[in-house]
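# A look at the structure
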Amino acid sequence: MPDREPTKELRSARRLLEDMPGYERLGDFYWEERLEKWVLHIRMTIDVPESEYIPTVTEWRVIIDPQYPLGQICFMPDENKGIKHTFQHQNNNRLLNNSKWRSGKICLDTGQGTWGRKKYSPEPVDAINRLKWHVERCLIWLEAAATDTLIENGDPFELPDFPTSTDYRIAFNEDNDSFVRWQSEQRSSGFFNYNPLDQQPETYPISRFDIFSEEVAAKVWGSYINDRNKYSKNRNKEKAGLWLMLKRIPVMKPWQIPYTFKELDAVCQAQGINLLQILLKTYSRSKREKIKLDLVALGFPVPVRIGSPEELIHWFAFKLILPKLNGFRDNEVLWKQQFTELISGTAKIQWIKTENWNSMQLTNRGRISEDLTNSRILFIGAGALGATFAELFGRLGCSNLTFVDYDKVHAGNLSRHTLTLNDVGKNKAEALSTHINSVFPFHRCTFRKNGLEDTLSKEAAFLDGFDVVIDATGEDDVIQLLSNHLSSKSTHFISVSTGYNADRLYCYLATNSKFANLKNSFKERIDPFLQQDITIMQKTSEIIEGIGCWHPLFPARIDDIQMLAGAAFKIIEQQLSRPKEERLVVIEKQYADGEFTGVMIKNI
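Anyway, here's the lowdown on the structure attached to this text.

### Focus: the pairing of strand E19 (residues 583–592)
The buried fraction of E19 is high, at seven of ten residues. Sheet topology note: the strand E18 (residues 504–511)/E19 ladder contains six bridges and is antiparallel. Bridge pairing in E19 links Leu509 to Arg583. Bridge count for E19 against strand E20 (residues 595–603) is eight bridges, and the pairing is antiparallel. Each bridged residue has a counterpart across the sheet, and for Val586 the counterpart in E20 is Lys602. Counting the residues between successive antiparallel strands, the hairpin from E19 to E20 contains two residues, one of them, Asp593, with a positive phi of roughly 55°.

Next up, the structure:
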């Protein structure tokens, strides 16, 4: 097979670099068959004094996607003459087997949250300039690393990248409240329990630390994890680990996680912590109490941003594997010898991936106000529209949802419902509750398998337990029941339903002061629109199932339901945050010359 030649785009990019200060090419592009990418071997010389960790001259392997100028460009330290340590804004920088470069890809991106937030310059997209831009960024990165200015006060705090030895993960739940509890805790080590979830890759949420009460432990997770701990086939597979609270993050300079127990011991000693003594003491206690320890979790306080006060506890974890020693009985003499050998030797730490599954962490990409997420919300009706709104509330962080519906899931529901074939034949309220609970580990959704009337016959004060009541049934009888039973203990009432073909969505909103006249007020506002729907229906030949005197006029497509529900959610969020007068909001699809142009919103 003939040698592969670099593309004309790569050759033009290479020529532009030839006279660039600080850059020197050590060879031509070569094709790396294993990666199916181009590689360029270069030398970089920075114009600042050499530092302890950054020489003035370093070598790099630039790995470029074959579709250049599209694709990725990665700068990897050369295996012999590249930088040897790991810095902020860099992958863990270790030697790789059978490779001419190390694993420490440096971050040259300029997007939000990446290096260069304050040094942003648009990345060129053309073939000639894109590679040059990356080389210039690499020189700037090296000079920043050499002068210890890769991070500045106000930058987001970034944990070091580190290799993991397993494909499973440990999930923990830490927030500002738990940080306060940890700060007041006198003990610095103990035991924790963790349980496997029935899923792949395996995940092990930490269920409790021995310093906290059963009550605190019970509130750590929501229904998805707690129910699995109680009912799953893994319920008897609870495991235990050893926790150790450090004073600060366990890293070596510049920003590298310890690879060996000896390095970890040195990091702990720098914090005034005797790792051998704590491990031995806690392990000996576990042996006396017949607790089998598999993991060690290292906790430490972290800030959200560089320079700001610490406000969260984060956890790293590794496998606890003691060396096997012959000639000893299983007693403290053996354990001390095992830990001493472990820590004084070159045994590598088998780090395990850890993640904070607290609600504030998992909803960072989009959440609503804390007042709303803490609201107790009742959904009457778990059909397509109710499920769509439940999905919105649930994914925006509302964890306390309750569903009421007597109906079962049918296969025909699935064209516009959020549930799946796995749920066919199940009660809709139960299936939807289970589904929303599986969205986040902190959700605590519940359900009633009966209709509203039966539920109220068994629990007369049922409605008083909610801040927000949402009717998504489209049934006259439900409006009548709510008129009779809603009290001032429920703050908000909302009714949502769709018109014929989901051309409109009706969203009625009221506060507790209007509940007494709910039925008449609702009917007065919506009847004119329902009459329009009925007129349209009478002109069609379709057989429509389930028509009431005012509602759901099927068919309705899922794209229309979700679009209209999304617009309605904005209005509902505003109403719940800043209540306005009782009203009906009609959200209607708009067309011009047969082309869809958007929606129109009317307040009635």
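Picking up after the structure, the text goes on.
### Quick look at the sheet that holds strand E8 (residues 203–209)
Judged by pairing direction, the barrel is mixed, and its seven strands sit side by side in the order E6-E8-E7-E9-E10-E11-E12 before closing back on the first. On average, each strand axis in the sheet is tilted by 35° relative to the strand beside it, whichever way the strands run. Sheet topology places strand E10 (residues 293–303) next to strand E11 (residues 310–319); nine bridges connect them, and they run antiparallel. Residue pairing in the sheet places Leu298 in a bridge with Phe316 of E11. Helix H7 (residues 275–288) rests against strand E7 (189–194), strand E9 (239–245) and E10 of the sheet, and its axis sits at about 55° to E7.

### Some thoughts on the pattern of salt bridges
Per the counting criterion, the structure on display carries 30 salt bridges. A salt bridge links Lys37 to Asp65; the shortest N-O distance between them is 2.3 Å. One end of the pair, Lys37, is in strand E3 (residues 37–45); the other, Asp65, is in the loop between strand E4 (57–64) and strand E5 (73–77), and 28 residues separate them in sequence. Across the pair Lys589 and Asp503 runs a salt bridge, and its minimum N-O distance is 3.1 Å. Of this pair, Lys589 sits in strand E19 while Asp503 sits in the loop between strand E17 (492–498) and E18, and the two are 86 residues apart along the sequence. You can call Asp503 partly exposed: its relative accessible area is 28%. A single network of salt bridges, built from pairs that share partners, joins Arg187, Asp210, Arg285 and Glu289.

### Some points on helix H16 (residues 558–577)
Here H16 is 20 residues long and its end C-alpha atoms lie 28 Å apart, about the 28 Å a rise of 1.5 Å per residue gives. Looking only at H16, the buried set comprises Asp560, Ile561, Leu564, Ala565, Ala567, Ala568, Phe569, Ile571, Ile572, Gln575 and Leu576.

### Considerations on the sheet that holds E20
By definition, the strands of a sheet pair up through backbone hydrogen bonds, in either a parallel or an antiparallel sense. Here eight strands make up an open sheet; going across it, the order is E15-E14-E13-E16-E17-E18-E19-E20 and the pairing mixed. Two strands lie at the open edges of the sheet, namely strand E15 (446–448) and E20, each paired on one side alone. Along the sheet, successive strands turn relative to each other by an average axial angle of 15°, direction set aside. Set on the sheet, helix H12 (residues 428–437) makes contact with strand E14 (401–404) and E15; between it and E14 the angle comes to about 160°. The strands touched by H16 within the sheet are strand E16 (468–471), E17, E18, E19 and E20, with E19 carrying the most contacts at an inclination of about 145°.

Basis of the calculations
- Residues numbered from 1 in each chain as written.
- Predicted model: local features only at pLDDT ≥ 70, side-chain atom pairs only at ≥ 80, totals over all residues.
- Heavy atoms only, no water.
- Buried < 20%, exposed > 50% of the residue type's maximum accessible area, 1.4 Å probe, protein only.
- Helix = DSSP H or I, 4+ residues; strand = E, 2+ residues; numbered from the N terminus.
- Pairing = 2+ DSSP bridges.
- Axes fitted to C-alpha atoms, helices over the stretch in contact; angles between N-to-C directions.
- Contact = heavy atoms within 4.5 Å.
- Salt bridge = Lys/Arg side-chain N within 4 Å of Asp/Glu carboxyl O.
- Expected span 1.5 Å × (residues − 1).

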